[in-house]
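Structure at a glance
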Amino acid sequence: MTSEKKKNSSGQIIKRIARILLRTVLIVVLLLITLLVLIQTPPVQNFIVKKATGYLENKLHTRVEIGRLYIGFPKDIVIENIYLQDQSKDTLIYGKKIKVDISMLKLLDNEVEVNDLRLNQITAKVKR
């Protein structure tokens, strides 16, 4: 009788652990899907634009403007209406659209791999 109780209790423990692991995996997957969907919405993209603009302005000590940002998964980033000054207050980059095809999975390893770069109506000041 005691060996049956031990088998039943160990079976219940295994089932309980399996349920907890399944719930945990489901919650993580749902959070990732929710994050991916939220990144596609204009309010979240506007938030990202404000944060990126502020970061670049502080880092470069120049004026940076980004009209719109679109992050299309799995690998496209589109920046529209971009303006970037150099430190002498002259236009460094100004244009309508920059489309970058990057490997998002490499970003997790802190690597940036640009597969394709398309510039539309861009004016850039380049010095050697």
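Structure: see above.
As a starting point, this report considers the structure included with it. Quick caveat, the model's predicted, so the values are computed rather than measured.

1. A word on the sheet that holds strand 4 (residues 114-124)
- Taken together, four strands build an open sheet; the order of strands is 1-2-3-4 and the sheet is antiparallel. Of all strands in the sheet, those with a lone pairing partner are strand 1 (64-72) and strand 4, marking the two edges. Put simply, the sheet's adjacent strands are angled 15° from each other on average, direction ignored.
- Examined bridge by bridge, strand 2 (residues 76-85) and strand 3 (residues 91-102) share nine bridges and lie antiparallel to one another. Of the residues in strand 3, the one forming a bridge with Tyr83 is Tyr94.
- Contacts from helix 2 (residues 42-60) reach strand 1 and strand 2 within the one sheet, and its direction differs from that of strand 1 by about 135°.

2. Looking at the nonpolar core
- Ile39, Val49, Ile66, Leu69, Ile71, Ile79, Ile82, Ile98, Val100, Ile102 and Met104 form the largest nonpolar core, which has 11 residues in total.
- Elements that contribute at least two residues to this core include exactly strand 1, strand 2 and strand 3.
- Sequence-distant contacts of Ile71, defined by excluding residues within four places in its chain, comprise Ile39, Gln40, Gln45, Ile48, Asp76 and Met104.

3. Considering helix 2
- Compared with the 27 Å implied by 1.5 Å per residue over 19 residues, the 26 Å span of helix 2 between its first and last C-alpha is a close match.
- Phi turns positive, to about 55°, at His61, one or two residues after helix 2.

4. Side note on the pairing of strand 3
- Between strand 2 and the antiparallel strand that follows it, strand 3, lie five residues; Lys89 among them carries a positive phi value of about 65°.
- In this structure, strand 3 lies alongside strand 4, joined through nine bridges in antiparallel fashion. Looking at strand 4, one finds that Ile93 is bridged to Ala124.

5. Regarding the environment of Gln87
- Along the chain, the position of Gln87 falls in the loop between strand 2 and strand 3.
- Among the residues examined, Gln87 registers a relative accessible area of 62% and is labelled exposed.
- Between the alpha carbons of Gln87 and Arg68 there is a distance of 23 Å; along the sequence they are 19 residues apart.
- In this structure the side chain of Gln87 is engaged in a polar contact, spanning 3.0 Å, whose partner is the backbone oxygen of Leu60.

Criteria and thresholds
Residues numbered from 1 in each chain as written. Predicted model: local features only at pLDDT ≥ 70, side-chain atom pairs only at ≥ 80, totals over all residues. Heavy atoms only, no water. Pairing = 2+ DSSP bridges. Helix = DSSP H or I, 4+ residues; strand = E, 2+ residues; numbered from the N terminus. Axes fitted to C-alpha atoms, helices over the stretch in contact; angles between N-to-C directions. Contact = heavy atoms within 4.5 Å. Core = buried A, V, L, I, M, F, W, Y, C linked by side-chain atoms within 4.5 Å. Buried < 20%, exposed > 50% of the residue type's maximum accessible area, 1.4 Å probe, protein only. Expected span 1.5 Å × (residues − 1). Polar contact = N/O pair within 3.5 Å; in protein donor to acceptor, adjacent residues only side chain to side chain.

So, to be careful, I would describe these as geometric facts and stop short of saying anything about function.
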